[in-house]
Amino acid sequence: MQNFVWRFFLESNISKKIAKKHSLVRAKNVLVTGYPGLDIFFDKDYQPINVWKNTQQIKLIWAPHHTIGNLAEEAITFSTFLQYSDYMLEVAKKCKNILQIAFKPHPILKPKLYKHALWGKERTDAYYHCWETMENTQLEMSDYIDLFMTSDAMIFDSVSFITEYLYTKKPALFLCREGIEKQLNEMGKISWNIHYKANSKEDIDFFINLLLEGKDPLREGRVAFYKEYLMPINRQTATDNIYSAIEKLYI
């Protein structure tokens, strides 16, 4: 389909470079417009809704992916949920006076846990209920735009968020599984490299301490990425760029 459409709108020049390498038409139909799904981050009039129980504490998102299996079961394997599920609850409890944590699991994670040999429906429902009801935690299952905009930081292993959270320019910690780099394209690797990374519980603690101390040594790299790859093209939104390209057909 991508080879035969009149116009293939892509979010960045890196994506166009990938299309030139792999598409049959060598990206002749590609136009770089930006990503319309996140145009709202450039809307100066948009006022995000506060979704947090407590706005006085550091507002931290934990967003685990659904790919809890291995490469024999999944096309990609990003999720570290099975490794850190208990520890993230510990973090919430020991930091109850410091952090407000939003549990933002991928929608498919829950049904996969229902079928998991060590979890099942009862344990999964109890776990989700715990996040929903603790004093300094909340369960978020709907859209993430307002959540992102009003957050202070994120801990995650969700694939699309590697780039999408960078629209906020806020600090984020990526929980790593072995071989993650091999599962990312060029854009994914560039995005992934400017996040904090964790391979252990100690790395999570280190990141949280950075937040508590107000330190963010990777901020400069994120801002540079934002300016080079995420800023609106042609000084207008991706939606307007796409509209302009279509409009030219009728003028």
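Asks: Sorry, what's going on with helix H8 (residues 201-213) here?
Replies: Between its first and last C-alpha, H8 extends 19 Å over 13 residues, near the 18 Å set by a 1.5 Å rise per residue. Those residues of H8 that sit buried are Ile-204, Phe-207, Ile-208, Leu-210 and Leu-211. Down the axis of H8, the sector holding all buried residues measures 150°, keeping them to one side. Facing away from the buried side of H8 by over 90 degrees, the exposed positions are Glu-202, Phe-206 and Glu-213. Phi turns positive, to about 70°, at Gly-214, one or two residues after H8.

Asks: Can you walk me through unusual backbone geometry in this structure?
Replies: Among all residues except glycine, the phi angle is most often negative; among peptide bonds, the trans geometry is most common. Positioned with a positive phi, Ala-27 is a non-glycine residue whose angle comes to about 65°. Looking at where Ala-27 falls in the secondary structure, it is placed in the loop between helix H1 (13-22) and strand S2 (30-32). Taking the relative accessible area as the measure of exposure, Ala-27 reaches 5% and is therefore buried.

Asks: Help me out: how do you make sense of the packing of helix H2 (residues 81-94) against H8 in this one?
Replies: How two helices sit against one another is set out by the angle between their axes and by the gap between those axes. Relative orientation of the contacting elements H2 and H8 amounts to 35°, with a least axis distance of 11 Å. Relative to H8, H2 is oriented so that their crossing is right-handed. The residues of H8 that touch H2, namely those facing Tyr-84, Tyr-87, Met-88, Val-91 and Lys-94, are Lys-201, Ile-204, Asp-205 and Ile-208. Along the lines of polarity and charge, the residues of the contact of H2 with H8 split into six nonpolar, no polar and three charged.

Asks: Explain the layout of surface pockets here, please?
Replies: Any empty space left between the atoms is revealed when a probe the size of a water molecule rolls over them. One number sums up the size of the largest pocket: a volume of about 390 Å³. What lines the largest pocket is a set of 18 residues, among which Glu-11, Val-159, Ser-160, Thr-163 and Met-187 lie closest to the centre. Breaking the lining of the largest pocket down by element, the ones donating at least two residues are H1, helix H6 (161-164), helix H7 (186-193) and helix H9 (219-230). At three residues, H6 tops the list of elements feeding residues into the lining of the largest pocket. Each residue belonging to the lining of the largest pocket can be placed in one class, and the counts come to nine nonpolar, seven polar and two charged. Estimates place the volume of the second largest pocket at around 200 Å³. Forming the walls of the second largest pocket are 19 residues, and the residues nearest its centre are Glu-11, Tyr-229, Leu-230, Met-231 and Ile-233. If you tally residues by element for the lining of the second largest pocket, the top one is H9, at four residues. Classifying every residue of the lining of the second largest pocket by side-chain character gives 10 nonpolar, five polar and four charged.

Asks: What is the right way to read the packing of aromatic side chains from this model?
Replies: In this description, a pair of aromatic rings is defined by centroid distance and the angle of the planes. Applying the stated rule across the entire model yields 22 aromatic pairs. Residues Phe-148 and Tyr-165 carry aromatic rings whose centres are separated by 4.9 Å and whose planes lie at 90° to one another, so their mutual orientation is edge-to-face. Taken as a pair, Phe-148 in helix H5 (residues 145-150) and Tyr-165 in the loop between H6 and strand S7 (172-175) lie far apart in primary sequence, 17 residues in all. Judged on exposure class, the residue Phe-148 and its partner Tyr-165 are both buried.

Conventions and cut-offs
- Residues numbered from 1 in each chain as written.
- Predicted model: local features only at pLDDT ≥ 70, side-chain atom pairs only at ≥ 80, totals over all residues.
- Heavy atoms only, no water.
- Helix = DSSP H or I, 4+ residues; strand = E, 2+ residues; numbered from the N terminus.
- Expected span 1.5 Å × (residues − 1).
- Buried < 20%, exposed > 50% of the residue type's maximum accessible area, 1.4 Å probe, protein only.
- Arc of directions from axis to C-beta.
- Axes fitted to C-alpha atoms, helices over the stretch in contact; angles between N-to-C directions.
- Left-handed = near helix turned anticlockwise from the far one by under 90°.
- Contact = heavy atoms within 4.5 Å.
- Nonpolar A, V, L, I, M, F, W, Y, C, P; charged D, E, K, R; others polar.
- 1 Å grid on protein atoms, 1.4 Å probe; cavity = no way out; pocket = protein on both sides within 12 Å on 5 of 7 lines; lining within 4 Å.
- Points joined across faces, edges and corners; volume = space filled by probe spheres on them.
- Phe/Tyr/Trp six-rings, centres within 6.5 Å; stacked < 30°, edge-to-face > 60°.

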